[in-house]
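# A closer look at the structure
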Amino acid sequence: MYFKISVLIYNASGHPKALMEIYKKINVVFMSTNTISILQHMDQEIVSTFKSYYLRKTFCKAIAAIYSYSSHAFGNSKLKSFRKGFTILNVINNIHYSWKEVK
């Protein structure tokens, strides 16, 4: 039988087995117990690794802003200036470069 859509569902009591009969053109597969950790990225530490890279990049930029000589402000005011100047573009770039580091 040829399916254009396959749905993998964790075998939990809240997921009704009737899904297999309701949608005839969708292949519904209930995974065996203990297979979710193999397939799910969050269980493989990928998300926590990405977050640590992202935070490291952000903190490095904040520290560089605090110790920069370009401003006459000191400590807290430099950090406030960094926070105010940290744009969505900076966030997107941090996400991009952090994700590239994930192995």
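This text follows the structure it describes.
Residues numbered from 1 in each chain as written. Predicted model: local features only at pLDDT ≥ 70, side-chain atom pairs only at ≥ 80, totals over all residues. Heavy atoms only, no water.

Secondary structure summary: the chain contains five helices and two strands in total. Along the chain, helices and strands appear, N-terminal first, in the series β-α-β-α-α-α-α. Per-residue burial for the chain yields a buried fraction of 16% across its 103 residues. Split by element, the accessible area of the chain, about 8500 Å² in all, is 64% carbon and sulfur. (Helix = DSSP H or I, 4+ residues; strand = E, 2+ residues; numbered from the N terminus. Buried < 20%, exposed > 50% of the residue type's maximum accessible area, 1.4 Å probe, protein only. Areas by Shrake-Rupley, 256 points an atom, 1.4 Å probe, with all protein chains shown as cover.)

As a further point, take the packing of aromatic side chains. Within this structure, the stated rule accounts for three aromatic pairs. Note on F50 and Y54: the rings are 6.4 Å apart at their centroids and 35° apart in plane angle, and the pair reads as tilted. In this pair, F50 and Y54 are both assigned in helix α3 (residues 46-66), four residues apart and thus about one turn of the helix distant. A centroid spacing of 5.9 Å and a plane angle of 65° characterise the contact between F50 and W99, whose relative ring orientation is edge-to-face. Taken together, the residues span a long stretch of sequence, with F50 in helix α3 and W99 in helix α5 (residues 88-101) at a distance of 49 residues. Taken together, the ring pairs connect F50, Y54 and W99 into an aromatic cluster. (Phe/Tyr/Trp six-rings, centres within 6.5 Å; stacked < 30°, edge-to-face > 60°.)

Tallied over the full model, the rule gives two salt bridges. A salt bridge links K57 to E101; its shortest N-O distance comes to 2.8 Å. Taken together, the residues span a long stretch of sequence, with K57 in helix α3 and E101 in helix α5 at a distance of 44 residues. Of the residues examined, K57 reaches a relative accessible area of 21% and is grouped as partly exposed. Among the charged side chains, a salt-bridge network with shared partners connects R56, K57 and E101. (Salt bridge = Lys/Arg side-chain N within 4 Å of Asp/Glu carboxyl O.)

Moving on: the environment of L19. Note that L19 resides in helix α1 (residues 19-22). Separated by eleven residues in sequence, L19 and F30 place their C-alpha atoms 9.9 Å apart. L19 has contacts with I9 and V28, leaving out every residue within four places of it along the chain. (Contact = heavy atoms within 4.5 Å.)

Any link to function would need more than the numbers given here.
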